[in-house]
Every structure is written in structure tokens, then in C-alpha cells.
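Coordinate inspection notes
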Amino acid sequence: MEALLAEQPDSQEALAERCLQLEDALASAASVDCFEDLADFAILDLRGEGLSALPESFGLLEALQGVSLSDNQLTSLPESIGQLRQLEELKLSNNRLQLLPKSLGELRGLEELDLATNFLSYVPHVAKLRGLVKLSLAGNCLAGDALPHLGRLQRLQRLDVSVNQLESLPDSITQLRSLEILCAHTNQLNALPGDLGHLSKLQDLDVRYNALSELPESVCSLASLTSLSVSGNALQRLPDGVEHLVTLRNLSLAQNHLLDLPPLWRLRKLEMLDLQDNLALTSVLENRFRPAVLDRCSSSLELAALLKFGALRDLRLGTVDSKPELLKMLETDELDLCSMQLRWIPPDLGGLKLLKLKARQNQLQALSAKLCRFQRLQVLDLYSNQLTGLPAEIGNLKSLTELDVSSNLLLELPPSLGDLSCLVRLEAGKNKLSDLPSSLTKLSCLSTLGLRLNPLETLPEKLDELQALKVLDLGSTPLGKSLQLPQQGHCPVRRRLYLMHKYDALRSIKLCRSQPSSLPEDFDAWGRGPPPKPPPASVRAKCAEKDSAGYHRFFGSGYGDEDMPCFASRRSAVEEAGDNMHLRKVLLDIEAQIRRVIPGRRVLMALAHGFVQIFWGASQVGGSCKPPEALQDTVPTMAPGQAQG
């Protein structure tokens, strides 16, 4: 042995030959229980030498820093092993150890201890090894409280207790603040410690093949986690907070009972996702004969977004490669997400060039502002969801022509809707809207406005600016019910809607579901209104001022200054007469005579009121205007005193 140590090798081949000779010498020394000649060795490798025991003299090798005794037949260790105070690495895997010597706890400098694949059922002295960095107890008989005081190992970075009979992990494991890798697969775990999220440095969590029915919410607080393996359990759902594991790269969920997926589209760094053998989740994906039903799977959109916008390259769903079908979902200009039980729409989809997005009959509670980047989107259907609001950025959808947000929980509509200059149809029925933003009056192309089943009590004052509006649905709203009741005096809303029907495009006004026609039965009365009441004597002077301003210039009309906004851009004489040349000549003559005798502002009111009910007394101020014979019977007369002013 001394000759071998003194010899200096002069080549690599000689060095290898010398190592083999040393191994033979060590094996010979071990077989004769003689270790005195190895006192200066720092590393001792006796793997696979068939050793069944170690002599007490083994403790004399005080210079040892690393010892490998794996793959032998050791049933015990000598108490003298506690004398190896410089030992940093001790490997005893694949032996027959049942107990550990008490002196093992004296190895305070030990950093790595491998006791895998033995017959240990209790390891009480391991907790004294405060310097441990790596500890492997895999493949033993650990059960119950077999890991006492484990939380004392504050330097521990890797812990492997897999392939045992553990039903739970000790609560003290959450005190291992330096732990980076935790392997506990192939046990009988039915729950994980609730404070597992305290392991802030944990990078790899492997709890495969246990009896877990759920994961604690604290798992979602593992900010450093890169790999999560929970295959072979009984999980039906993952915590919603999984979306916060933004550093996750590998996620194994195979052989569970998952019904749906959390918002995995936020895991932009995810590279591997294993969903095999989750029948309720992937049965549609594995159907070879009906690949078209893929888009009806509640999780398909999540997976498609991960494939297209994330780092996902390894997707395991079963025997069928579903990646082409998933990507095909996002390669069209019309995305149909109806009835998929979606709780969110990945905001990354805002980068697609969509023309139509249909997501009706889902469970959406909010709409991401990033989804308002569809520059070409024309149709947005969000009917029957749980939306409580719309993003202010919805006004950026400049090409939108149809918007359906009915049957939601909306309390208000954003003012930015007024920026949708191309919007033709707006359905907002069956919400909780009590009023409308005034900016809606800027929608010059709006043709249909559905507001039924809302607690709506009023309309924007300048609603008559919507001159393209054809259909207005106020069914089952407080406003619609009030408009059906008999009213005394002037009703601005009735008058405004009447004028929009007479002079603009409005053709249908729904006030209730049982309304037999497109207009209310007493709609003609909306235009007449009651005659104006004479003012009291105390305010006659003010009434005279209103007369001079044109407030009472028409018989029974009730028009005043507040009605003037309704009379902008009404039909001219030519438009009223159409192809009837005789009528056109008569109307043009009346219009010309009115302009001569009535100041400019009152001309608008006169022309807006119509070409038949013209105040003849006012025209006589000029002294030369006479109504056509065909119209004389319809022109009312006035007392001489009223013709002045």
C-alpha cells in the first residue's frame, strides 16, 4: 500500500492503472478489517464491494472528507463513525440499514447524506446535522412521525423523501427557508402543509403519485417555482392563483380528474405541460374522428394562447397531436367562444387580426383592456355573461359596427362608447343601467338601440341627434312604463321621440313586450300635446317677452326655446313635396312668404311645425300673404290682439 502511494504516475494511463490498484488495495484492507494504512485518505470509494459490516477502526480515518459505501450489504454502522469530524459527504444508498448510530449526529460538518433505498423507519438523529445541504431518504419505510425536528436543518437545499409510506409531511418542513428541491412522490400523502408557500426559494416541487385531492392556496406563493409535478393524484381543480407562478417552466398534471384549467395563459415561460389521462378535460382533444369539436372544449382557448403567444413547445394531451388544431383556432378572422364556460379571455388575443369575436353565454366577469386593440374588429358579442363593467379603452375599437352586452350586470356604460363612430347596433338590455352617457348622441350611424329590462328612467337630452336611429327598445323599463301612462302638460321625451319619428329615421319604439305594433297605440297624441295654459297676471310681462321671442307662435303647439335643438336640419319644402310639382310650388311660396314676415329663428320653428298649421295672423303683418285655397280650412284664426308682437 505504501509503495502504491509513493509511486508518482507519469501519464494518464499510469494514473488510471494506479487508481485501479488503489481500489484493489482498499478492498483488501476492508476485507481484513485493517484501515490504519488509509489514515491520510480524504476520499474513500467502496461502492459495490459486497461489504456487510464496517469495523470500529473505521473511525480512525479522521482525515476523510467523502465516503461512498453505496451498493453494499451493510446492516449497521459502527458508533466510531461519529469520530469523522471532517466528513462532508456520506453516501450509504442501496444497503440494508435499519437503524442509524446515535454518534451520526456528531458529524456537524456533514453537508450531504444519502440514505436512499434502505429499511429505515425512523431517523431521529438526522436533525442534529445542522450543516446538511442535501438529504436523501428515498425508498425507505418512513411513516407517521418519522422525520422529527426537520425544521432545524436551516441550510438544507434538497430533500428527497420519495417512495415511502408517508401520509403527511411534517409541519416543520415549512421552516426550511433555504429549500430549493422537495421530492415527495410515491407516498400516501392526502394533503400538503398549508404554509408551504413560506418556502420562498423552492424551485422544484414533486408530489406525484399520492392521494392529493387539492393543493393549498399557498402553493401559488412559491415565487421561485420552476417545476411543479402533481401527476397521479385525484385533483379536480388547481388553485386560481396558479397564474401567479410566472417563473414556472414545467407543469405535470397527468392522471388526475381535472375538470378545467386556471388562467395558464399568464405563464408565459411555461415550456412543458402534461395533461394526459384527464378524461373530463382531454376526452374531446383525443377524439380522432371529430376534431372540429375541439373549439368547444373549455380549456382549448387556454392551450391555444400558450402555444401561440407563450414558450410552450411540449404539450402532452394523449395519443393525438392536438397542437395543429389548437393553433388553427387562432388563425381565423372569426373567433367563436360561445358556451365554453370561460371565466376570462386571454388578453394576448388582442394581437390577432379578428373581424368577429363571439363570447356569448360564458362566465366572463371582466374584459381586459388589452382586448381593445382589435383594430379591425367589427362584431363583439358578449351576451349573457357576468360583466360588471366595460373597459374605458373600448372606444379604441374604431371599426366596431355591432356590440352586444345584454344580459350582464353592467351598472353603467363607459363614455368612450361615443367614440365608436361606425357603431350601427348597440344591445345593452337586461343590465342594471339607470342612465346613459351623453356621449351616445355622437353615434351618428347608430340604427338600433336596445335598452329593455333596465332600471332606466331617462334618456340623453340630445337623443334627437341620432338621426339614423330606426329601432329604440325601452321595453320593461321604468321610462317605458311612464311613457304609456296618461300625462298632463308637456312631456319632452314624448315630443322628442315623436319628432324623431316624423322627421328622422325612427320607425320602431318598443315600450313593453306585449306592444302589438312597432309604435305605441296613442303615438299621434305625443305630437299634439295639450294647449298651453295662459300665464297668471303677475307674470304677463314675462309671457309677453316669450311671445316676442316666439314661444307661443303656433296654435296649441307648445313649442318653446327648449324645443329649438329638435328643429335643426328638418325636411325642406322640396323634400316634403317629393315628385308632386304642384305641391312643391305651393310649399315653396309659403316658405318664401314666411321668411319675409317672421324673424330668422322663428322661421325654423314655423317650418319645423309643418306647412299646414301656419300662424296666419303673423303672416298678415306683411299684409300680402294669403293661404292657398286648399289650405284655408286648416289654418286657424287668432284674435286681433294676438297678432301683435
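Each remark here, short or long, concerns the structure printed above.
The sections below set out a description of the structure shown in this document. (Residues numbered from 1 in each chain as written. Predicted model: local features only at pLDDT ≥ 70, side-chain atom pairs only at ≥ 80, totals over all residues. Heavy atoms only, no water.)

This part covers the overall build of the protein. Looking only at helices and strands, the protein has 13 helices and 20 strands in total. Each of the 645 residues in the protein was classed as buried or not, and the buried ones make up 48%. Contacts spanning at least 24 positions in sequence make up 34% of the contacts within the protein whose residues lie at least 6 apart. Carbon and sulfur atoms form 48% of the exposed surface of the protein, whose accessible area is close to 31,300 Å². (Helix = DSSP H or I, 4+ residues; strand = E, 2+ residues; numbered from the N terminus. Buried < 20%, exposed > 50% of the residue type's maximum accessible area, 1.4 Å probe, protein only. Contact = heavy atoms within 4.5 Å. Areas by Shrake-Rupley, 256 points an atom, 1.4 Å probe, with all protein chains shown as cover.)

Moving on, we get to the packing of aromatic side chains. If you walk through the whole model with that rule in mind, you get 2 aromatic pairs. On the numbers, 5.6 Å between centres and 45 degrees between planes, the contact of Tyr 498 with Phe 523 is tilted. Taken together, the residues span a long stretch of sequence, with Tyr 498 in helix α7 (residues 492-503) and Phe 523 in helix α8 (residues 523-528) at a distance of 25 residues. Measuring from ring centre to ring centre gives 5.2 Å for Phe 523 and Trp 526, while their planes differ by 50 degrees; the resulting arrangement is tilted. Of this pair, Phe 523 and Trp 526 both sit in helix α8, 3 residues apart, roughly one helical turn. Like Phe 523, the residue Trp 526 is buried in the burial classification. Chaining the aromatic ring pairs together yields one cluster made of Tyr 498, Phe 523 and Trp 526. (Phe/Tyr/Trp six-rings, centres within 6.5 Å; stacked < 30°, edge-to-face > 60°.)

For helix α4 (residues 300-309), a buried count of 8 out of 10 residues is recorded, marking the element as mostly surrounded by other parts of the structure. Along α4, the residues that are buried comprise Ser 300, Leu 301, Glu 302, Leu 303, Ala 304, Ala 305, Leu 306 and Leu 307.

Compared with the 16 Å implied by 1.5 Å per residue over 12 residues, the 16 Å span of α7 between its first and last C-alpha is a close match. Of all 12 residues in α7, 10 are buried; the element is thus mostly enclosed. Turning to α7, its buried residues are Val 493, Arg 494, Arg 495, Arg 496, Leu 497, Tyr 498, Leu 499, Met 500, His 501 and Tyr 503. (Expected span 1.5 Å × (residues − 1).)

For the rest of this paragraph, the subject is the pattern of salt bridges. Going through the model one piece at a time under the given rule, you end up with 14 salt bridges. Measuring nitrogen to oxygen at the nearest pair gives 3.6 Å for the salt bridge that ties Glu 334 to Lys 358. Taken as a pair, Glu 334 in strand β13 (residues 334-336) and Lys 358 in strand β14 (residues 356-358) lie far apart in primary sequence, 24 residues in all. For Lys 358, a relative accessible area of 27% translates into the label partly exposed. Because the salt bridges share partners, they merge into one network encompassing Arg 360, Asp 381, Glu 402, Asp 404, Arg 425 and Glu 427. (Salt bridge = Lys/Arg side-chain N within 4 Å of Asp/Glu carboxyl O.)

Right, let's get into the sheet that holds strand β16 (residues 402-404). What the 8 strands build is an open sheet, ordered β13-β14-β15-β16-β17-β18-β19-β20; its pairing is parallel. Every interior strand has two partners, whereas the edge strands, β13 and β20 (508-510), have only one. Averaged over all pairs of adjacent strands, the angle between their axes in this sheet comes to 5 degrees, without regard to strand direction. Bridge count between strand β15 (residues 379-381) and β16: 3 bridges; the pairing is parallel. Within β16, the position partnered with Val 379 by the bridge is Glu 402. (Pairing = 2+ DSSP bridges. Axes fitted to C-alpha atoms, helices over the stretch in contact; angles between N-to-C directions.)

The biggest cluster of nonpolar side chains holds 147 residues, and the ones touching the most others in it are Leu 113, Leu 135, Leu 159, Leu 273, Leu 459, Leu 472 and Leu 497. Where this core is concerned, the elements lending two or more residues are α4, α6 (478-484), α7 and α8. Top contributing element to this core by residue count: α7, with 6 residues. Apart from the residues within four sequence positions on either side, Leu 273 is in contact with Leu 251, Leu 253, Leu 264, Leu 303, Leu 306, Leu 312, Asp 314, Leu 315 and Arg 316. (Core = buried A, V, L, I, M, F, W, Y, C linked by side-chain atoms within 4.5 Å.)

What follows deals with the sheet that holds strand β5 (residues 134-136). As summarised here, the arrangement of the 12 strands in space is β1-β2-β3-β4-β5-β6-β7-β8-β9-β10-β11-β12, forming an open sheet in which the pairing is parallel. Of all strands in the sheet, those bounded by a partner on one side alone are β1 (43-45) and β12 (314-316). Strand-to-strand twist in this sheet, taken as the mean axis angle between neighbours without regard to direction, amounts to 5 degrees.

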